[in-house]
Structure formats: structure tokens, C-alpha cells
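If you want the building blocks of each chain, they are given just below.
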Amino acid sequence: MENFIKEVLSASNRGVSAAKNVSGEPNWSFGQSLFFACTVITTIGYGHVTPLSQEGKLFCMLYALFGIPLTLVLLTALVDRLMIPTTKYLHFLNSRLGHLYPPFTIRLLHFGTILCTLIFLFLLLPAAMFTHLEPEWNYMDSLYYCFISLTTIGLGDYIPGDAPDQKYRPLYKLMITGYLVVGLVCVMLTLSIYYDIRQLNFGVLFMLENDETRSIDPEKMHLQEPGTNRTKYTNEKDSPTSLEDTTPIHSIP
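Residues numbered from 1 in each chain as written. Predicted model: local features only at pLDDT ≥ 70, side-chain atom pairs only at ≥ 80, totals over all residues. Heavy atoms only, no water.

### Some points on the overall build of the protein
At step 1: Looking only at helices and strands, one finds 8 helices and 0 strands in the protein.
At step 2: Looking at the protein as a whole, 33% of its 253 residues are labelled buried.
At step 3: Expressed as a percentage of contacts within the protein between residues at least 6 apart in sequence, the contacts between residues at least 24 apart total 56%.
At step 4: For the protein, the exposed surface amounts to about 16400 Å²; the carbon and sulfur share of it is 67%. (Helix = DSSP H or I, 4+ residues; strand = E, 2+ residues; numbered from the N terminus. Buried < 20%, exposed > 50% of the residue type's maximum accessible area, 1.4 Å probe, protein only. Contact = heavy atoms within 4.5 Å. Areas by Shrake-Rupley, 256 points an atom, 1.4 Å probe, with all protein chains shown as cover.)

### Topic: the packing of aromatic side chains
At step 1: Evaluated as defined, the whole model comprises 10 aromatic pairs.
At step 2: Note on Phe111 and Tyr194: the rings are 5.7 Å apart at their centroids and 50 degrees apart in plane angle, and the pair reads as tilted. Of this pair, Phe111 sits in helix 4 (residues 103-133) while Tyr194 is found in helix 6 (residues 169-195), placing the two residues 83 residues apart along the sequence.
At step 3: Residue Tyr194 is classed as partly exposed on the basis of its relative accessible area of 28%.
At step 4: Geometrically, the ring pair formed by Phe130 and Tyr179 is edge-to-face, given 6.1 Å between the ring centres and 70 degrees between the ring planes. Remark: Tyr179 occurs in helix 6 and Phe130 occurs in helix 4; sequence separation between them is 49 residues. For the pair Phe130 and Tyr179, one class covers both residues: buried.
At step 5: Every member of this aromatic cluster is reached through a ring pair, and the members are Phe35, Tyr46, Phe130, Trp137, Tyr144, Tyr145, Tyr158 and Tyr179.
At step 6: Between Lys173 and the ring centre of Phe35, over which it is positioned, the NZ or CZ distance is 4.4 Å. (Phe/Tyr/Trp six-rings, centres within 6.5 Å; stacked < 30°, edge-to-face > 60°. Lys NZ or Arg CZ within 6 Å of the ring centre and 35° of its normal.)

### Points about the packing of helix 3 (residues 54-97) against helix 4
At step 1: Two elements in contact, helix 3 and helix 4, have axes separated by 10 Å at closest approach and are oriented at 135 degrees. When the axes of helix 3 and helix 4 are compared, the pair comes out oblique. Along this stretch, helix 3 crosses helix 4, giving a crossing that reads as right-handed. Counted together, Thr86, Tyr89, Leu90, Leu93, Asn94 and Leu97 of helix 3 and Ile106, Arg107, Leu109, His110, Thr113 and Ile114 of helix 4 form the full contact between these two elements.
At step 2: Of the residues that constitute the contact of helix 3 with helix 4, the class distribution is 7 nonpolar, 4 polar and 1 charged. (Axes fitted to C-alpha atoms, helices over the stretch in contact; angles between N-to-C directions. Parallel < 35°, antiparallel > 145°, perpendicular 65-115°, else oblique. Left-handed = near helix turned anticlockwise from the far one by under 90°. Nonpolar A, V, L, I, M, F, W, Y, C, P; charged D, E, K, R; others polar.)

### Considerations on helix 4
At step 1: Helix length check: helix 4, at 31 residues, gives a terminal C-alpha distance of 44 Å against a target of 45 Å (1.5 Å per residue), a fit within 8%.
At step 2: Along helix 4, the sharpest kink reaches roughly 35 degrees, centred on Phe120. (Expected span 1.5 Å × (residues − 1). Bend = angle between axes of the 7 residues up to and from the residue.)

### Overview of a nonpolar patch on the surface
At step 1: Together, Ile119, Phe120, Leu121, Leu124, Leu125, Met129, Leu133 and Tyr139 give the surface a local cluster of nonpolar side chains, amounting to about 680 Å² of exposed area.
At step 2: Counting residues per element, the nonpolar patch draws most heavily on helix 4, which supplies 7 residues.
At step 3: Here Phe120 is to be found in helix 4.
At step 4: On the basis of relative accessibility, which here comes to 45%, the residue Phe120 falls in the partly exposed class. (Patch = residues over 30% accessible without salt bridge, like charges linked within 9 Å, V, L, I, M, F, W, Y side chains within 5 Å. Salt bridge = Lys/Arg side-chain N within 4 Å of Asp/Glu carboxyl O.)

Here you go:
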């Protein structure tokens, strides 16, 4: 029995399904390989498909060694581009509500609206789609998969597109790969917006005094009146200031 189980597991690793006594597409089809490459460089790492040969393992290590840093650079660059429209949205809220609410409340509203939008687009809505596409998944299973994947935990207990009779498997895997990449960008965007809120950024408690002077809020710098330390969040009329009333701004080395 143990030898039989070993044979079944070995065949499953090579794309032969023990369920229904059928053989699906090989594990290393183009769609499956692209999906595997995405899980490696994004550090999700489900572990359901692994290289078996010595050459494949060596290539996987070299690929991860160079691919993971480059992927982080790419994701960071995409987040920087997306911060432009989100900052414009913050400016819009400041111009409309700056005379009614303090800056912290406006930032919470800004963060909350973006967070709820991204949760709907990348957790709730994809979970409903996976529930329809995966016959053995309920909504909770689908939501669990989306959360585990986008947080790069990648337990590997739920993998979409691995059913023996899965139709259009390469295209399905390609679409999931795109979802994971875009979803990770949005997760990093959410964390960046959260980090910009100093009142909620607990990392400030562990910063040295010199570090605090270097970490100037870019939004605050943009809204700051020239020659003063006062942040202008509304379209108030500029008033002339004398040189005696101005306070020098700390320069960033």
C-alpha cells in the first residue's frame, strides 16, 4: 500500500490525476509554467508544483534570486505611478472638506474609500467569480484563497484551475496570474497610503529623532505654504508673511 501511494504521488507530481483515472494536461504546460513563475517571483509559492530535476531546481533558484528583486522594483514603480491619482483624490477631498474637518479625518476618509474599493474589486468580486468557476469551492473557500494569495501567504491548499476536466486551462492560469500581479500592486498601494498617515503609522514610535526629520510627509510638503511650517488644506487666500514670522524648513540631505 505504501509503494502504491508513492506511485500515485509521483504520478500526480507529473500531471497524472488519480481522480477519475484520467490524465489531464501536463503540469508544465505554458499556462501552468507561467503561473508557477509568477508564484515564485511574487513569493506566494503555493508549492503544489515544484521542479523535480536537478537542473530545474538550479534554474528555479537562479530565477528567484534575480526575479524577486526585479519584481519588487517593478511593483514599487507601479505603486509610485498609482500614488499620483490617489494624491489628486486627497487634494480633492481637502479642497471640498478642508474647512469642515481636520486633516486627520480627511486622510481617514481618503484611506477608507480606497480600502473599501480595493476590497470589493480584489477580494469580494473575485471570490464570487471563483465560486462560479470552481465547482468544489463555496464563497468562503474562494474568499479565503484570494486573501491568502494577495497577502503572499500561499498555503497551497486551494489552487484554481487544477481540476482534471478544467477547460481552457492555459488561458485560465494566465488570467489568474494577471489577477495576482495587479492585486499585489493594489495591496502595496493600500499599505503606502496607510503609511502616509502618521497618526496610524506605529513605526514612527521606533524611529530616532534624526529619522523623523528625514521622513517628511510628501503630501504635507505639497500643501505647505511657502516659507512656513503651516499646512494649507483649503483654498484659503494667501496672506503676506514677513521674514521674521517664517520658520526655516528642515532640508533633506
